[in-house]
Amino acid sequence: MEKKGIGTVCVQGGYTPGNGEPRQIPIIQSTTFRYETSEDMGKLFDLEASGYFYSRLQNPTVDTVAAKICALEGGTAAMMTSSGMAANFLAVFNICTAGDHFITSSAIYGGTFNLFNVTMRKMGIDVTFVSPEVSEEELQAAFRPNTKLVFGETIANPALITLDIEKFARVAHKNGVPLIIDNTFPTPVHCRPFEFGADIVTHATTKYMDGHGSSVGGAIIDSGNFNWMAHADKFPGLCTPDESYHGITYAEKFGQGGAYITKATAQLMRDLGVTCAPMTAYYVNLGLESLHVRMKRHAENGMAVATFLENHPKVGWVNYPGLASYKGKALVDKYMPNGTCGVISFGVKGGREGASRFMSTLKMIAIETHVADARSCCLHPATATHRQLSDEELVACGVLPDMIRMSLGLEDASDLIADISQALENA
Ligand SMILES: *Cc1c(COP(=O)(O)O)cnc(C)c1O
């Protein structure tokens, strides 16, 4: 499928039925798989043969959808997980364990921020948060001998800051470590981070990929571009024998394109069980079939509403990666020339109070802890998703106290603007 356009991969990637086989992907709703001999089964457990034996590790439906997401990002291997949080956790923990350190942009999803700042510290993994706008010198200064990776989001949720992927990749590679990018907001339809030097991409498929608010899920994709063996001292988990798999060395046995995802599946999925259900994978696939069409509409609605708000006297500020006034306009032009996403943020005059009055006056746009859904919704992060964070941490994440995050869905822009307009007048 690699030579095909992104829309064709959205519709047909990952699955080519044979003669007389189902047109839609089959849902293999089975925990386990039957074999003729124990030798057949033993080979699977030794990773000597590929095949299915237990759906905690791998399932054919889930793998079909992972293959489509892999093709969309232009990677060599991919896996799905139970959530976006699980994807980010596994992506980091696969190469960074107790006693190690990593660097992350501070402009990331609030849940990921907590995972890195609280839970992973408890596991003995240290992290340094850097501004998404750091200079190369400042980023370099954050490195330590035990630094194993750099992490960031293409467009940060909810700060909507665009990351300079090439800059982060350059500094990561100079230090012999990979760059992991959470590409949830633009999706591969609007940005393919591997083309700009990212090594591993993660997704909350919960958002635009599913796109209908139906199921929580995640994905990890490997570009196959990072040479683990060239930095074997930093990545013993990939470059030395795994005793829990009879001494297999992943980077030798599965090569540069397969080692990372094979280890994450065989070891971390086996032990942690953050598995994507076959039914969830099926829903995600339904969403993926229209992802290219929907992303265009989300971006158009985002632009229409952002433009309306920017010209409204009761609105203090508007942030949307697409507006000419957007701070990272040059980065958007470079990384996402065809559009970004449907999420905007803005401040209604009147601060925290004003934000809350405005939101409760909306009629069609609902208050939800969600984004990237067919139905438009909004949220006040300072009192919802980010309420665990201190004021300083809020600012580090790029979240202002009066900030409203609005996710424009697939409705008619004129109706969305009418609802917002009446709420601004009546609040
Ligand atoms: C929602 C989100 C996550 C977490 O995904 P879940 O499926 O809710 O666990 C991670 N990263 C980003 C950018 C998100 O928007």
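Here, the structure is the one placed above.
Since we're looking at a predicted model, the values are computed, not measured.

Trainee: Please explain helix 17 (residues 413-426) as it appears in this structure.
Mentor: Its 14 residues place the ends of helix 17 20 Å apart at the C-alpha level, agreeing with the 20 Å of an ideal helix rising 1.5 Å per residue. Buried within helix 17 are the following residues: L416, D419, I420, Q422, A423 and L424. If you follow the buried residues of helix 17, they end up packed against helix 13 (291-310), strand 8 (315-319), strand 9 (343-348), helix 15 (351-361) and strand 12 (403-407).

Trainee: What is the right way to read the packing of helix 4 (residues 84-93) against helix 11 (residues 255-272) from this model?
Mentor: When two helices pack together, their arrangement is given by the angle between their axes and by how far apart the axes lie. Packing of helix 4 against helix 11 brings their axes to within 10 Å, and their N-to-C directions diverge by 115°. Here helix 4 runs over helix 11; the crossing is right-handed. For the pair helix 4 and helix 11, contact is made by F89, L90, A91, V92 and F93 and by Y260, L268, M269 and L272, respectively.

Trainee: I would appreciate a short explanation of the environment of A299 in the present structure.
Mentor: If you trace the backbone, A299 turns up in helix 13. On the basis of relative accessible area, A299 is assigned to the buried category, the value being 11%. On a C-alpha basis, the gap between A299 and L408 in space is 8.2 Å, while along the polypeptide they are 109 residues apart. For A299, the contacting residues outside a window of four places in its chain are H190, Y320, G339, T340 and C341.

Trainee: Would you mind showing me how to read the site of the ligand here?
Mentor: By nearness alone, 15 residues border the ligand, and G84, N157, D182, T206 and K207 come closest of all. In the environment of the ligand, an oxygen atom lies 2.8 Å from a nitrogen or oxygen atom belonging to the side chain of N157. At a separation of 2.5 Å, an oxygen atom of the ligand approaches a polar side-chain atom of K207. Expressed as a share of its isolated accessible area of 380 Å², the protein-covered part of the ligand is 92%. Within the shell around the ligand, the residues separate by chemical class into five nonpolar, seven polar and three charged.

Trainee: I keep staring at the nonpolar core and nothing clicks. Help me out?
Mentor: For soluble globular proteins, nonpolar side chains are generally found buried alongside one another. One finds W228, F346, F358 and M406 to be the most contacted residues of the largest nonpolar core, which totals 128 residues. With seven residues, the single largest contributor to this core is helix 11. Residue contacts for W228: discarding those within four places in its chain leaves I95, P178, I200, F235, L238, C239, A251, Q256 and Y260.

Trainee: How should I be thinking about the sheet that holds strand 2 (residues 101-105) in this particular structure?
Mentor: Working definition: the strands of a sheet are paired by backbone hydrogen bonds and lie parallel or antiparallel to each other. Here seven strands make up an open sheet; going across it, the order is 1-7-6-5-4-2-3 and the pairing mixed. Each edge of the sheet is formed by a strand with only one pairing partner; in this case those strands are strand 1 (77-81) and strand 3 (126-130). Shown here is a sheet whose adjacent strand axes are inclined to one another by a mean of 20°, direction ignored. Pairing geometry for strand 2 and strand 4 (residues 147-153), over three bridges, is parallel. Within strand 4, the residue paired with I103 across the bridge is V150. Seen against the sheet, helix 5 (residues 110-122) touches strand 2, strand 3 and strand 4 and runs at an angle of roughly 150° to strand 3.

Trainee: What exactly am I supposed to notice about the layout of surface pockets here?
Mentor: In this approach a probe as big as a water molecule rolls over the atoms, and the regions it shows empty are the leftover space. By volume, the largest pocket amounts to about 570 Å³. Residue assignment for the lining of the largest pocket shows that the elements contributing at least two residues are helix 3 (60-73), strand 1 and helix 11. For the lining of the largest pocket, the leading source of residues is helix 11, giving six residues. Residues of the lining of the largest pocket, tallied by class, amount to 20 nonpolar, nine polar and one charged. In terms of lining residues, the second largest pocket is bounded by 17 residues, among which A159, I161, N319, Y326 and K327 are the most central. It is strand 8 that provides the largest number of residues to the lining of the second largest pocket, a total of three residues. Residue composition of the lining of the second largest pocket, grouped by class: nine nonpolar, six polar and two charged.

Rules used throughout
- Residues numbered from 1 in each chain as written.
- Predicted model: local features only at pLDDT ≥ 70, side-chain atom pairs only at ≥ 80, totals over all residues.
- Heavy atoms only, no water.
- Helix = DSSP H or I, 4+ residues; strand = E, 2+ residues; numbered from the N terminus.
- Expected span 1.5 Å × (residues − 1).
- Buried < 20%, exposed > 50% of the residue type's maximum accessible area, 1.4 Å probe, protein only.
- Contact = heavy atoms within 4.5 Å.
- Axes fitted to C-alpha atoms, helices over the stretch in contact; angles between N-to-C directions.
- Left-handed = near helix turned anticlockwise from the far one by under 90°.
- Near = heavy atom within 4 Å.
- Polar contact = N/O pair within 3.5 Å; in protein donor to acceptor, adjacent residues only side chain to side chain.
- Areas by Shrake-Rupley, 256 points an atom, 1.4 Å probe, with all protein chains shown as cover.
- Nonpolar A, V, L, I, M, F, W, Y, C, P; charged D, E, K, R; others polar.
- Core = buried A, V, L, I, M, F, W, Y, C linked by side-chain atoms within 4.5 Å.
- Pairing = 2+ DSSP bridges.
- 1 Å grid on protein atoms, 1.4 Å probe; cavity = no way out; pocket = protein on both sides within 12 Å on 5 of 7 lines; lining within 4 Å.
- Points joined across faces, edges and corners; volume = space filled by probe spheres on them.

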